[in-house]
Structures are given as C-alpha cells and as structure tokens.
Amino acid sequence: MEIVLLTALGVGGATFLGAILGFVFKKTTHRFSDITLSFAAGVMLAAAVIGLILPSLEYGGKYSLVTTVIGIFAGALCLNLIDKLVPHLHGTAVCEGEECHPESQARLNKVLLFVLAIAIHNLPEGIAAGVGFGTENNAQAITIALGIALQNIPEGMVIIGPMLAAGMKPGKTFFIASLTGVVEVVGTLMGYFAVKVSSSILPFALAFAGGTMLYVISDEMIPETHAHGSQRGATWSLLAGFCLMLVFDVLLG
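Residues numbered from 1 in each chain as written. Predicted model: local features only at pLDDT ≥ 70, side-chain atom pairs only at ≥ 80, totals over all residues. Heavy atoms only, no water.

Asks: Give a detailed account of the confidence of the model for the protein, specifying residues and quantitative values.
Replies: With 87% of its residues at a pLDDT of at least 70, the protein reaches an overall mean of 80. Across the protein, the secondary-structure element scoring lowest on mean pLDDT is helix α4 (residues 105-131), at 72, and the one scoring highest is helix α3 (residues 64-85), at 90. Ignoring residues within four places in sequence, the model shows residues 92-104, a span with pLDDT below 50, making 32 contacts including any to other chains. (pLDDT = per-residue confidence, 0-100. Helix = DSSP H or I, 4+ residues; strand = E, 2+ residues; numbered from the N terminus. Contact = heavy atoms within 4.5 Å.)

Asks: Requested: an account of helix α1 (residues 2-24), with residues and values cited.
Replies: Taking 1.5 Å per residue, 23 residues should reach 33 Å; α1 reaches 33 Å between its end C-alpha atoms and fits that length. Taken together, the buried positions of α1 are Val4, Thr7, Ala8, Val11, Gly12, Ala14, Thr15, Gly18, Ala19 and Gly22. (Expected span 1.5 Å × (residues − 1). Buried < 20%, exposed > 50% of the residue type's maximum accessible area, 1.4 Å probe, protein only.)

Asks: Tell me about the packing of aromatic side chains, residues and numbers included.
Replies: Inspection of the entire model under this criterion finds 4 aromatic pairs. Consider the rings of Phe23 and Phe174, whose centres lie 6.1 Å apart with planes at 50 degrees: the pair is tilted. Separated by 151 residues along the polypeptide, Phe23 in helix α1 and Phe174 in helix α7 (residues 170-197) bring together distant segments of the chain. Centre to centre, the rings of Phe204 and Phe208 are 6.0 Å apart; their planes meet at 35 degrees, and the pair counts as tilted. Of this pair, Phe204 and Phe208 both sit in helix α8 (residues 202-225), 4 residues apart, which is roughly one turn of that helix. Take Phe204: its relative accessible area is 33%, and that puts it in the partly exposed class. (Phe/Tyr/Trp six-rings, centres within 6.5 Å; stacked < 30°, edge-to-face > 60°.)

Asks: Break down empty space enclosed by the protein for me, citing the residues and quoting the values.
Replies: Taken as a whole and judged by the stated rule, the model has 2 cavities of 30 Å³ or more. Size it by volume and the second largest cavity reaches roughly 50 Å³. Taken together, Ala46, Ala47, Ile50, Gly51, Gln140, Thr143, Ile144, Met245 and Asp249 make up the lining of the second largest cavity. For the lining of the second largest cavity, the elements supplying multiple residues, two or more each, are α2 (30-59), α5 (138-158) and α9 (231-252). With 4 residues, the single largest contributor to the lining of the second largest cavity is α2. Tallied by class, the residues present in the lining of the second largest cavity amount to 5 nonpolar, 3 polar and 1 charged. (1 Å grid on protein atoms, 1.4 Å probe; cavity = no way out; pocket = protein on both sides within 12 Å on 5 of 7 lines; lining within 4 Å. Points joined across faces, edges and corners; volume = space filled by probe spheres on them. Nonpolar A, V, L, I, M, F, W, Y, C, P; charged D, E, K, R; others polar.)

Asks: Before we move on, can you summarise the packing of α2 against α3 with the specific residues and values?
Replies: Running from N to C, α2 and α3 point in directions that differ by 145 degrees, and their axes come no closer than 7 Å. Two packed elements cross with a definite hand, and for α2 against α3 that hand is right-handed. Contacts between α2 and α3 involve Ile53, Ser56 and Leu57 from the first element and Ser64, Leu65, Thr68 and Ile72 from the second. When grouped by side-chain class, the residues that make up the contact of α2 with α3 number 4 nonpolar, 3 polar and no charged. (Axes fitted to C-alpha atoms, helices over the stretch in contact; angles between N-to-C directions. Left-handed = near helix turned anticlockwise from the far one by under 90°.)

Asks: So what's going on with the nonpolar core? Which residues, and what values?
Replies: Of all hydrophobic cores here, the largest spans 30 residues; its most connected members are Met44, Leu52, Ala128, Val131, Ile148, Met213 and Met221. Those elements giving two or more residues to this core turn out to be α2, α3, α4, α5, α8 and α9. Listed in part, the 12 residues of the second largest apolar core include Ala19, Val115, Leu164 and Ile176. (Core = buried A, V, L, I, M, F, W, Y, C linked by side-chain atoms within 4.5 Å.)

Asks: Help me get a handle on the side chain of Thr212, residues and values and all.
Replies: Tracing the sequence through the fold places Thr212 in helix α8. Given a relative accessible area of 2%, Thr212 falls into the buried group. For Thr212, the contacting residues outside a window of four places in its chain are Gly75, Ala76, Leu79 and Pro124.

See the structure below:
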C-alpha cells in the first residue's frame with residue numbers, strides 16, 4: 001500500500017512540478033506546446049498499450065480478447081459521455097507575443113473550462129496508474145505511473161500561461177493547477193482499491209483504463225498538436241515519447 005500511495009503522490013506531484021515550470025516559461029509558443037504535448041501523447045500511448053491493454057489480454061483468461069475489446073470501448077465511451085455532459089473546451093490556449101495581455105471575464109471563463117478539461121481527463125489517467133498495481137507486477141505498474149507522470153509535467157506547464165494571461169493572480173493560478181494533480185492522486189487510489197475489492201474485474205479494468213487513455217490521445221492530444229503547423233516536429237516527438245517508454249519497460253521489466 002505504501003508504494004501505491006507514494007506512486008499516487010508522484011503522479012500528482014508531476015503536475016505540481018509542471019506548474020512550477022509553467023511560471024518559469026510563462027510565454028510558451030504553439031510550437032513548444034505542440035512538441036511537448038506530443039511527446040506526452042507518445043508516452044501515454046506506450047503506457048496504454050504496453051502497460052494496460054497487453055496485460056488485460058494476459059490476465060483475461062478464456063475470453064481475454066472479448067473482455068479487452070469491450071473494456072477499451074467502454075473506457076472510450078465513458079470519456080465521450082463525460083465530454084458531452086460536462087461543459088469544457090478542447091485544445092490549449094497558448095500565450096504568444098501580444099496575446100498574453102489580461103483580457104475579459106469571458107476569456108478567463110474559457111481558460112477555466114480548458115483547465116476543467118485537463119482535470120476531467122486526469123481522473124482516468126490516475127485510475128490507470130492505480131489499476132496497474134492490480135497485476136502485482138510493481139515494476140510494470142511503476143512504468144505506467146512513470147509514463148503518466150512524464151506527460152503530466154508538460155500538461156502542468158501549458159495551463160499556467162493562459163490563466164496568467166487571462167488576469168488570474170499567480171497564487172490562485174498555482175492553486176488551481178495543483179488541483180488538477182490532486183485529481184490524479186484520487187484516481188490512482190480509486191483504481192487500486194477497485195481491483196483490490198474484486199480481482200476478477202482486473203482484465204476489464206486494465207482495458208477500460210487503456211481505452212480512456214487512447215481516447216484522450218486521439219480526441220484531444222494528437223489533433224491539438226497538429227493544429228498549428230508543427231505536425232512534423234510533433235510526430236517525431238510522439239515517436240520519441242513512445243520509444244522512451246519502451247526503454248523504461250525493458251529496463252524495469
């Protein structure tokens with residue numbers, strides 16, 4: 001249990017670290033944002049496939065393929081439903097040049113909706129980190145958590161600039177950004193206790209968590225990183241993130 005708690009704090013703390021870096025690099029360009037988020041997408045893609053979906057097939061038994069496929073679609077449908085029910089914005093508002101001057105309350109509301117979108121998608125990421133420990137393969141679970149933590153750093157960075165640009169005070173900005181990390185801590189504990197209550201749901205839970213991550217990558221991250229003319233750099237960055245996770249999997253496995 002101690003390692004799960006430490007992992008939960010580490011996953012959430014990565015967002016905290018990203019927020020700190022966000023104050024250092026307040027005026028980020030679209031290109032910087034696209035490349036860092038694309039790297040995070042590659043990390044998440046590897047974590048979803050290697051750390052969640054393939055283990056789901058391994059632990060699923062006789063009907064592993066059916067369970068895994070249903071779990072993936074269930075996870076994606078769950079996030080799709082949340083997207084429809086909870087008002088939020090897709091994409092990232094990035095400070096660039098003169099666009100960084102404080103603006104109206106309407107601009108602030110849009111930025112807060114964007115931050116809400118981050119928080120919404122942090123919950124299933126946290127659940128994925130927690131579910132990974134249900135396999136009792138701590139090395140693999142830590143690899144998943146490490147991948148999620150790595151993508152949380154640039155995620156934490158890119159939400160600071162827009163809030164500051166909308167006129168929010170630094171203290172409140174940092175507090176709100178940190179809350180998105182707390183969501184991941186809660187999600188990690190939820191995922192861990194869910195599979196502990198009933199180990200029979202483990203294969204489905206792994207696939208479900210993998211499906212939510214695949215949904216976020218395809219619906220949010222990749223379209224956003226290819227929307228500002230940095231497609232080539234974003235593609236190479238995604239590959240780099242994916243391969244980095246492969247290295248971690250081999251070294252820690």
